[in-house]
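So the chains spell out like this:
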Amino acid sequence: EAGVTQFPSHSVIEKGQTVTLRCDPISGHDNLYWYRRVMGKEIKFLLHFVKESKQDESGMPNNRFLAERTGGTYSTLKVQPAELEDSGVYFCASSRSRGGSDMETQYFGPGTRLLVL
Amino acid sequence: AQKITQTQPGMFVQEKEAVTLDCTYDTSDPSYGLFWYKQPSSGEMIFLIYQGSYDQQNATEGRYSLNFQKARKSANLVISASQLGDSAMYFCAMRPRNQGGKLIFGQGTELSVKP
């Protein structure tokens, strides 16, 4: 079974540009999460999809961030326009059950390292 | 407030010895899950072990065990017989049941295993 994959692995862009990150969850996983780790700080939740629906987007920093999960499969996270403080590692995770439980394990992708200059 | 605290930014351990990585948590939710993840230098996040708040026994997974002390709100990770490949960043995380699916992470502890 393939794990969670993310593309690209690294991205270096200039302030003001647009970047789109992609996440492919484990096949059959309804839940998809985005997290971010800014340098030296803890990993923070951004949002949660259940299939194609946004279940919780309380962690999205502002309206420059747009996440989609069309068809309930892969997800994209677009940052437009990018700012310096958006630099960090963006992780995607997926888990199986729809209802969710505190036993549900989230499996993470390798992350996308974003650097905004 | 929902919070995870890892007070050890860095730890050293001699190969083959055991090491304990500290994690304390704060939540008002009576039901929650606690997780540990490992992040080696390659960057991926690897799930290690899970403990449910109502579990009576401490979780174990191979060389990993979780020392769960509910009254003290601590969920320390114990790695026995450390190996060089254990050198990595370790994150403690909590999932309160009433917070949806999101994980709340600590700051992480960087473990270095010395030969």
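Everything below is about the structure printed above this text.
Structure report, in brief. (Residues numbered from 1 in each chain as written. Chains lettered and ligands numbered in written order. Predicted model: local features only at pLDDT ≥ 70, side-chain atom pairs only at ≥ 80, totals over all residues. Heavy atoms only, no water.)

### Some thoughts on the overall build of chain A
Each helix and strand in chain A was counted, giving 0 helices and 11 strands. Taken from N to C terminus, the helices and strands of chain A fall in the order β-β-β-β-β-β-β-β-β-β-β. For 117 residues, the compact-globule estimate of 2.2 N^0.38 gives 13 Å, and the C-alpha radius of gyration of chain A, at 13 Å, lies within 12% of that figure. Taken over 117 residues, chain A has a buried fraction of 50%. For chain A, restricting intrachain contacts to residue pairs at least 6 apart in sequence, the fraction spanning at least 24 positions comes to 54%. (Helix = DSSP H or I, 4+ residues; strand = E, 2+ residues; numbered from the N terminus. Rg over C-alpha atoms; globule rule 2.2 N^0.38 Å. Buried < 20%, exposed > 50% of the residue type's maximum accessible area, 1.4 Å probe, protein only. Contact = heavy atoms within 4.5 Å.)

### Here's the deal with the nonpolar core
All names here are of chain B. In this structure, Trp36, Leu77, Tyr90 and Leu111 are the most contacted members of the largest nonpolar core, which totals 26 residues. Elements with a contribution of two residues or more to this core: strand S2 (10–14), strand S3 (19–21), strand S5 (32–39), strand S6 (46–52), strand S8 (64–69), strand S9 (74–79), strand S10 (88–96) and strand S12 (109–114). When neighbours within four sequence positions are excluded, Leu111 is seen to be in contact with Met11, Val13, Val19, Leu21, Ile79, Asp86, Ser87, Ala88 and Tyr90. (Core = buried A, V, L, I, M, F, W, Y, C linked by side-chain atoms within 4.5 Å.)

### Re the sheet that holds strand S8 (residues 75–79) of chain A
All names here are of chain A. Taken together, the 4 strands give an open sheet; going across it, the order is S1-S3-S8-S7, and neighbouring strands pair in antiparallel fashion. Two strands in the sheet have a free side with no partner beyond their single neighbour: strand S1 (5–7) and strand S7 (65–68). When strand polarity is set aside, the average angle formed by the axes of neighbouring strands in this sheet is 15°. (Pairing = 2+ DSSP bridges. Axes fitted to C-alpha atoms, helices over the stretch in contact; angles between N-to-C directions.)

### Description of the interface of chain A and chain B
Taken together, the contact between chain A and chain B spans 21 residues of the former and 23 residues of the latter. Contact between chain A and chain B buries roughly 1800 Å² in total, counting both sides, with carbon and sulfur atoms accounting for 53%. Inspection of the region where chain A meets chain B yields 0 salt bridges. There are 3 residue pairs in polar contact (both at pLDDT 80 or more) connecting chain A and chain B. Of all the secondary structure elements, the ones that give two or more residues to the side of chain A that touches chain B are strand S4 (31–37) and strand S5 (43–50) of chain A. (Buried area = accessible area lost by both parts, 1.4 Å probe. Salt bridge = Lys/Arg side-chain N within 4 Å of Asp/Glu carboxyl O. Polar contact = N/O pair within 3.5 Å; in protein donor to acceptor, adjacent residues only side chain to side chain.)

### Re a nonpolar patch on the surface
Judged by side-chain polarity, A:Val12, A:Leu115 and A:Leu117 come together as a nonpolar surface patch covering roughly 280 Å² of accessible area. Positionally, A:Leu117 belongs in the segment after strand S11 (112–116). (Patch = residues over 30% accessible without salt bridge, like charges linked within 9 Å, V, L, I, M, F, W, Y side chains within 5 Å. Areas by Shrake-Rupley, 256 points an atom, 1.4 Å probe, with all protein chains shown as cover.)

### A few points about the packing of aromatic side chains
Residues and elements named next belong to chain B. The final tally for this structure, using the stated rule, is 16 aromatic pairs over all chains. On the numbers, 5.9 Å between centres and 65° between planes, the contact of Tyr37 with Phe47 is edge-to-face. You can see Tyr37 sitting in strand S5 and its partner Phe47 sitting in strand S6, a full 10 residues away along the chain. Look at Tyr37 and you get buried, because its relative accessible area is 0%. (Phe/Tyr/Trp six-rings, centres within 6.5 Å; stacked < 30°, edge-to-face > 60°.)

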